[in-house]
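# What the coordinates show
As a plain string of letters, each chain reads:
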Amino acid sequence: MNDAELRAKALKLLSAREHSRAELQRKLTRHGESTDIQTLLDDLEARDWLSDARFAQAYVEANAKRFGRYRLEAELRERGVADSTIQAALAVLADSDDSGDELSRARAAWDKKFGQLPTDAAARAKQARFLQSRGFAYDVIRRVLGGLDDE
């Protein structure tokens, strides 16, 4: 693939949604040489068409209702976003979250899936695992499940 085709492919991907630099690099690797891709990515960043900060913010906003802080952080890290950028995106989430904090988001996710408190230890463990897999902290999970003692 020549430079123009590689640029067209990158712009097509970016027009669909935001991508992190690492994601876009991985997707373009099949289509071009590493040095050509790095040059293209540098140019896209210089023009502000590619931004890890913007990607992280968009990802957090799109997924905050379903996932907790830990899962959002892990998935952004998996997509090649730097830790400082991740922390900045999550800090904006904490400041601008009109629908509530992590506890209210966890309650909403739990209510959608279960809707009633567990009646025994097995049900409690199942509900706790669900919330944990969504990336919510233990103290948030404990509060959502009514603060019952672990058995």
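Residues numbered from 1 in each chain as written. Predicted model: local features only at pLDDT ≥ 70, side-chain atom pairs only at ≥ 80, totals over all residues. Heavy atoms only, no water.

### Things to note about the overall build of the protein chain
Each helix and strand counted, the protein chain has nine helices and zero strands in total. By the compact-globule yardstick of 15 Å for 151 residues, the protein chain is too spread out, its C-alpha radius of gyration being 20 Å. Along the first, second and third principal axes, the C-alpha atoms of the protein chain reach 65 × 30 × 25 Å. In the protein chain, buried positions account for 37% of the 151 residues. Once local pairs closer than 6 in sequence are excluded, the contacts in the protein chain between residues at least 24 apart make up 58%. In the form shown here, the protein chain has an accessible surface area of approximately 9000 Å², with 49% of it arising from carbon and sulfur atoms. Taken together, the 26 basic and 27 acidic charged side chains of the protein chain have centroids lying 6 Å from each other. (Helix = DSSP H or I, 4+ residues; strand = E, 2+ residues; numbered from the N terminus. Rg over C-alpha atoms; globule rule 2.2 N^0.38 Å. Buried < 20%, exposed > 50% of the residue type's maximum accessible area, 1.4 Å probe, protein only. Contact = heavy atoms within 4.5 Å. Areas by Shrake-Rupley, 256 points an atom, 1.4 Å probe, with all protein chains shown as cover. Lys, Arg positive; Asp, Glu negative; His and termini not counted. Charge placed at Lys NZ, Arg CZ, Asp CG, Glu CD.)

### Description of the side chain of Ser51
Checked against the element boundaries, Ser51 lands in the loop between helix H3 (34-46) and helix H4 (52-63). Engagement of the side chain of Ser51 in a polar contact is seen with the backbone nitrogen of Ala53, the distance being 3.4 Å. Once residues within four sequence positions are removed from consideration, Ser51 is found in contact with Glu18 and His19. (Polar contact = N/O pair within 3.5 Å; in protein donor to acceptor, adjacent residues only side chain to side chain.)

### Structural notes on the packing of helix H2 (residues 21-28) against H3
The interhelical angle for the contact between H2 and H3, taken along N-to-C directions, is 145°, at an axis separation of 11 Å. The element H2 and its partner H3 pack so that their crossing is right-handed. Between H2, through Arg21, Leu24, Gln25 and Leu28, and H3, the contact on the second element is made entirely by Ile37, Gln38, Leu40, Leu41, Asp42, Leu44 and Glu45. Partitioned by chemical class, the residues of the contact of H2 with H3 number six nonpolar, two polar and three charged. (Axes fitted to C-alpha atoms, helices over the stretch in contact; angles between N-to-C directions. Left-handed = near helix turned anticlockwise from the far one by under 90°. Nonpolar A, V, L, I, M, F, W, Y, C, P; charged D, E, K, R; others polar.)

### What to know about the packing of aromatic side chains
By the definition in use, this model includes two aromatic pairs. With a centroid separation of 6.0 Å and an interplanar angle of 35°, the aromatic rings of Phe55 and Tyr59 are classed as tilted. Separated by four residues within a single helix, Phe55 and Tyr59 lie in helix H4, roughly one turn from each other. You'll find Phe55 and Tyr59 in the same group, each marked buried. Ring geometry for Phe114 and Phe130: centres 5.4 Å apart, planes at 85°, overall edge-to-face. In this pair, Phe114 sits in the loop between helix H7 (102-113) and helix H8 (121-133) while Phe130 sits in helix H8, placing the two residues 16 residues apart along the sequence. (Phe/Tyr/Trp six-rings, centres within 6.5 Å; stacked < 30°, edge-to-face > 60°.)

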